[in-house]
Amino acid sequence: MASSLPHVPDTDPSRCALDLFRTSIAKKVADALPQLSLEQAYSGVDYGKKGVDFTIALPRFRLPGKVDEIASKVIEKFEADEYVASVTHDKAFLHFQLNTTTMIRNILDQIHTLTYNTPSGKPEYGTNTSGQGKKIIIEYSSPNIAKSFHVGHLRSTIIGAFLANLYKTCGWDVISMNYLGDWGTQFGLIATGFEKYGSREELEKDAIKHLFDVYVKVNKEAEANPEVKTEAARWFKRMEDGDEDALKDWRVWREMSVKKYAEEYERLNVAFDVYTGESMVGKEWQDKALERLDKMGLISDVEGAKIVDLEKWKLGSAVLRKKDGTSIYLTRDIGGAIERYEKYKFDKMIYVVSSQQDLHLKQFFKVLSLMEFPWASDLEHVNYGLVQGMSTRRGTVVFLDQIIREAASVMHAQMRTNEDKYAAIEDPETTSLEIGITGVKIQDMAAKRYVDPLHESILTILIPNSINNYTFNWDRMKSFEGDTGPYLQYAHVRLASIGRKNPHLLPLPAPSQIDIETLTQSQHARDIVFLIGTYPDVVKVALKTHEPSGVVTFAFRLAHAISSAWETVVVKGEEDIEKARARMWMYESARDVLGAAMRLLSIRPLDRM
């Protein structure tokens, strides 16, 4: 629908239909209050509480005069139009209701166009172009080869995959990077241990598990016999010096581990563009970093080890090189960041790492900024709290595939409790795996990364104690009731079943041929359409906060709204075919948007279960 309304910067009605309605409200307010520009008025238009579409809190404009007098100027001048139907004054607030017919028509038309008629051929509803022309590297997951893939790595994987999807949705060129812990003294230990405890056959079967088993055994031995540690350090020194004999087994272990991880990530619906690792960081920039910091008088020599002093910035001191001359992971992180900028010329780089590493990341960022790299200010640490309670029924979780298997088996057992429904599922193994993984992810992402009592700003991750730990609960994960992953999948499956149950309505006519009169008369239908109209804003807010929890909350609100409408806004059994088609179109649009939100959260929406 062409609009005669003026354009407000940073709005795009072709991507978010509600921008047009907000512009209409802002224009009415700015026309009635000449001291306000259109942009100022627009910035004050917020979503209303239940039963109200949009609200303006007048005191925020800090205009001279009494609030009641200011409000009455707007009310007196107000005229309803095709976008805004009414305004009411309540204390310091003005509440606006939209024109229901225009709102429903514009939002459903837009969802249809941006889902089925895009130049890219892919669904684009909810996307925006705010990051066009910009490049971002997101480093996440980053497990240590031969050490356990612990639950902290799982959180990093889930949050990182969400951020990668989010930045792509906002037009950025995204490089998903997995920076493996594939270097360091532990490989000297494994090499020493592999000669005694290693088995080529076990390595072929499951490289990650076998190398971990070797590591545990040799570590135990090293505790009793210091000579083992000395031998391991010697071995790692040979690796650092490029000794081919010391490196050839390590290369095999690394390659087999990456292959195994890639399979696990595929099951989690996560993919990386680049597998890199500490071993890939060249010595050149590590050496240059030391030289530059030395010239600045920040390096001291303690018993042969090189230490950087960051006390002036209340960041303590950190080892940059061990006394035997081998590197340490802080030095490798510094060298790695410089190499990445040289190679990719990124506009931003995010490290998704647990809050336990806060000091390390602050030291690392500070060193780069002291080295006067202008891009050091484009690095960001997205952190998160610990997960408590994620152990299997047989004890502590060690490996990613144990978590995945446990989630699938818990879900499978739950599905078997309803024999009739279970018998109708085509592939119960895959279905239980997907629902189980959804359960794990949703429980993780529903928990906010940090708690800020004052205001939501990404800066609050710098406030101590604001990080949010959460306790994982297997029973909650498998429940189809309440705000859980299985409940979300169930809502999507229910929407997907409408077409199967009403084949006589398919294919639906073109949107312009669908009469939406029946939708305008139902409060339930109005609520659903308005809610799916807010999805582009949900995406924009998530980009500001880096919180998946806002998207999860949206998905649950939509699932609840659909559930509330199910009994009254019926499709099956509705004899008036025009009404049935309009309702079906609304439910199909809701499915498209719920599916988009789930995919943004790296979840594969199911059509049957």
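A brief report on the enclosed structure follows. Values in this document were obtained by computation on a predicted structure and should not be read as measured data. (Residues numbered from 1 in each chain as written. Predicted model: local features only at pLDDT ≥ 70, side-chain atom pairs only at ≥ 80, totals over all residues. Heavy atoms only, no water.)

A closer look at the nonpolar core
Here's step 1: Counting residues in hydrophobic clusters, the biggest one holds 124 residues, and the most contacted among them are Ile138, Tyr535 and Tyr587.
Here's step 2: With 13 residues, the single largest contributor to this core is helix H23 (residues 577-600).
Here's step 3: Filtering out sequence-adjacent residues up to four positions away, Tyr587 remains in contact with Leu495, Ile498, Ile562, Ala565, Trp566, Val569 and Val571.
Here's step 4: Listed in part, the 35 residues of the second largest apolar core include Met177, Ala289, Ile334 and Met349. (Core = buried A, V, L, I, M, F, W, Y, C linked by side-chain atoms within 4.5 Å. Buried < 20%, exposed > 50% of the residue type's maximum accessible area, 1.4 Å probe, protein only. Helix = DSSP H or I, 4+ residues; strand = E, 2+ residues; numbered from the N terminus. Contact = heavy atoms within 4.5 Å.)

Thoughts on the packing of helix H8 (residues 207-224) against helix H10 (residues 244-267)
Here's step 1: Look at H8 against H10: their axes get within 8 Å of each other, and the N-to-C directions meet at 130°. For the element pair H8 / H10, the angle class is oblique. For the pair H8 and H10, contact is made by Ala207, Ile208 and Leu211 and by Trp253, Met256, Ser257, Lys260 and Tyr261, respectively.
Here's step 2: For the contact of H8 with H10, a count of residues per class yields 6 nonpolar, 1 polar and 1 charged. (Axes fitted to C-alpha atoms, helices over the stretch in contact; angles between N-to-C directions. Parallel < 35°, antiparallel > 145°, perpendicular 65-115°, else oblique. Nonpolar A, V, L, I, M, F, W, Y, C, P; charged D, E, K, R; others polar.)

Regarding a positive patch on the surface
Here's step 1: Taken together, the side chains of Lys421, Arg500, Lys501, Lys572 and Arg608 define a basic patch exposed on the protein surface.
Here's step 2: Here Lys421 shows up in helix H15 (residues 419-424).
Here's step 3: Owing to a relative accessible area of 52%, Lys421 belongs among the exposed residues under this scheme. (Patch = residues over 30% accessible without salt bridge, like charges linked within 9 Å, V, L, I, M, F, W, Y side chains within 5 Å. Areas by Shrake-Rupley, 256 points an atom, 1.4 Å probe, with all protein chains shown as cover. Salt bridge = Lys/Arg side-chain N within 4 Å of Asp/Glu carboxyl O. Lys, Arg positive; Asp, Glu negative; His and termini not counted. Charge placed at Lys NZ, Arg CZ, Asp CG, Glu CD.)

Quick notes on the packing of helix H6 (residues 185-197) against H8
Here's step 1: Where H6 contacts H8, the axes come no closer than 8 Å and their chain directions differ by 95°. On the basis of the axis angle, H6 is roughly perpendicular to H8. For the pair H6 and H8, contact is made by Gln186, Leu189, Ile190, Gly193, Phe194, Lys196 and Tyr197 and by His210, Leu211, Val214, Tyr215, Lys217, Val218, Asn219, Glu221 and Ala222, respectively.
Here's step 2: The residue inventory of the contact of H6 with H8, partitioned by class, reads 9 nonpolar, 4 polar and 3 charged.

A closer look at the pattern of salt bridges
Here's step 1: All chains considered together, the criterion is met by 35 salt bridges.
Here's step 2: A salt bridge links Lys27 to Asp31; the shortest N-O distance between them is 3.0 Å. Of the two residues, Lys27 and Asp31 both sit in helix H1 (residues 18-32), 4 residues apart, roughly one turn of that helix.
Here's step 3: Take Asp31: its relative accessible area is 40%, and that puts it in the partly exposed class.
Here's step 4: Across the salt bridge formed by Arg251 and Glu244, the nearest N and O atoms sit 2.6 Å from each other.
Here's step 5: With relative accessibility at 39%, the residue Arg251 sits in the partly exposed group.
Here's step 6: Within this structure, Asp206, Lys260, Glu264 and Arg267 form a network of salt bridges that share partners.

Topic: the side chain of Glu124
Here's step 1: With respect to the helices and strands, Glu124 occurs in the loop between helix H4 (100-116) and strand S5 (135-139).
Here's step 2: Take Glu124: its relative accessible area is 15%, and that puts it in the buried class.
Here's step 3: Sequence-distant contacts of Glu124, that is, excluding residues within four places in its chain, are made with Arg15, Leu114, Thr115 and Thr118.

Brief notes about the sheet that holds strand S7 (residues 274-277)
Here's step 1: With parallel pairing, 5 strands are arranged side by side in an open sheet as S7-S6-S5-S11-S12. Since the sheet does not close on itself, it has two edges, and those belong to S7 and strand S12 (379-382), each with one partner. Pairwise comparison of adjacent strand axes, ignoring direction, gives a mean angle of 25° for this sheet.
Here's step 2: In the sheet, strand S6 (residues 173-180) pairs with S7 via 4 bridges, with the strands oriented parallel. Across the sheet, Met177 pairs through a bridge with Val274, a residue of S7.
Here's step 3: Against the sheet, H10 engages S6 and S7, with an angle of about 135° to S7.
Here's step 4: Running over the sheet, helix H12 (residues 329-344) touches S5, S6, S7 and strand S11 (348-352) and is turned about 150° from S6. (Pairing = 2+ DSSP bridges.)

Here we look at the sheet that holds strand S1 (residues 45-47)
Here's step 1: Read across the open sheet, the 4 strands follow the order S1-S2-S4-S3; overall the sheet is antiparallel. The open sheet has two edge strands with one neighbour each: S1 and strand S3 (84-90). For this sheet, the mean angle separating the axes of adjacent strands, direction not counted, is 30°.
Here's step 2: Pairing of S1 with strand S2 (residues 54-57), which is carried by 3 bridges, proceeds in the antiparallel orientation. Bridged to Tyr47 within S2 is Phe54.

Describing helix H16 (residues 428-446)
Here's step 1: With 19 residues, H16 extends 26 Å between its outermost C-alpha atoms, agreeing within 8% with the 27 Å of an ideal straight helix rising 1.5 Å per residue.
Here's step 2: Within H16, 16 of the 19 residues are buried, which leaves it mostly tucked inside the rest of the structure. (Expected span 1.5 Å × (residues − 1).)

Points about the environment of Glu574
Here's step 1: Inspection of the secondary structure puts Glu574 in the loop between helix H22 (549-565) and H23.
Here's step 2: Taking the C-alpha atoms as reference points, Glu574 and Ile425, 149 residues apart in sequence, are found 28 Å from one another.
Here's step 3: A polar contact is formed between the side chain of Glu574 and the backbone nitrogen of Asp576, at a distance of 3.0 Å. (Polar contact = N/O pair within 3.5 Å; in protein donor to acceptor, adjacent residues only side chain to side chain.)

Comments concerning the packing of aromatic side chains
Two aromatic rings are characterised by how far apart their centres lie and by the angle between their planes.
Here's step 1: One pass over the full model with this rule turns up 24 aromatic pairs.
Here's step 2: Plain terms: the ring middles of Phe21 and Tyr83 are 5.4 Å apart, the flat faces sit at 90° to each other, and that makes the pair edge-to-face. Here Phe21, found in helix H1, pairs with Tyr83, found in the loop between helix H3 (67-77) and S3; they are 62 residues apart in sequence, far enough to count as distant. The two residues Phe21 and Tyr83 agree in class, both being buried.
Here's step 3: Considering the side-chain rings of Tyr351 and Phe365, the 5.8 Å spacing of their centres and the 50° angle between planes classify their relative orientation as tilted. Residue Tyr351 is located in strand S11, and its partner Phe365 is located in helix H13 (residues 358-370); the two are separated by 14 residues in the primary sequence.
Here's step 4: Given the relative accessible area of 3%, Tyr351 is considered buried.
Here's step 5: Overall, Phe365 belongs to the buried group, its relative accessible area being 17%.
Here's step 6: One aromatic cluster is present, built from ring pairs that chain together Tyr140, Tyr261, Tyr265, Phe272 and Tyr275.
Here's step 7: For the cation-ring pair, Arg238 lies above Trp235, with the distance from its terminal atom to the ring centre recorded as 4.7 Å.
Here's step 8: Positioned over the ring face of Tyr179 is Arg340, at 5.0 Å from the centre of the ring. (Phe/Tyr/Trp six-rings, centres within 6.5 Å; stacked < 30°, edge-to-face > 60°. Lys NZ or Arg CZ within 6 Å of the ring centre and 35° of its normal.)

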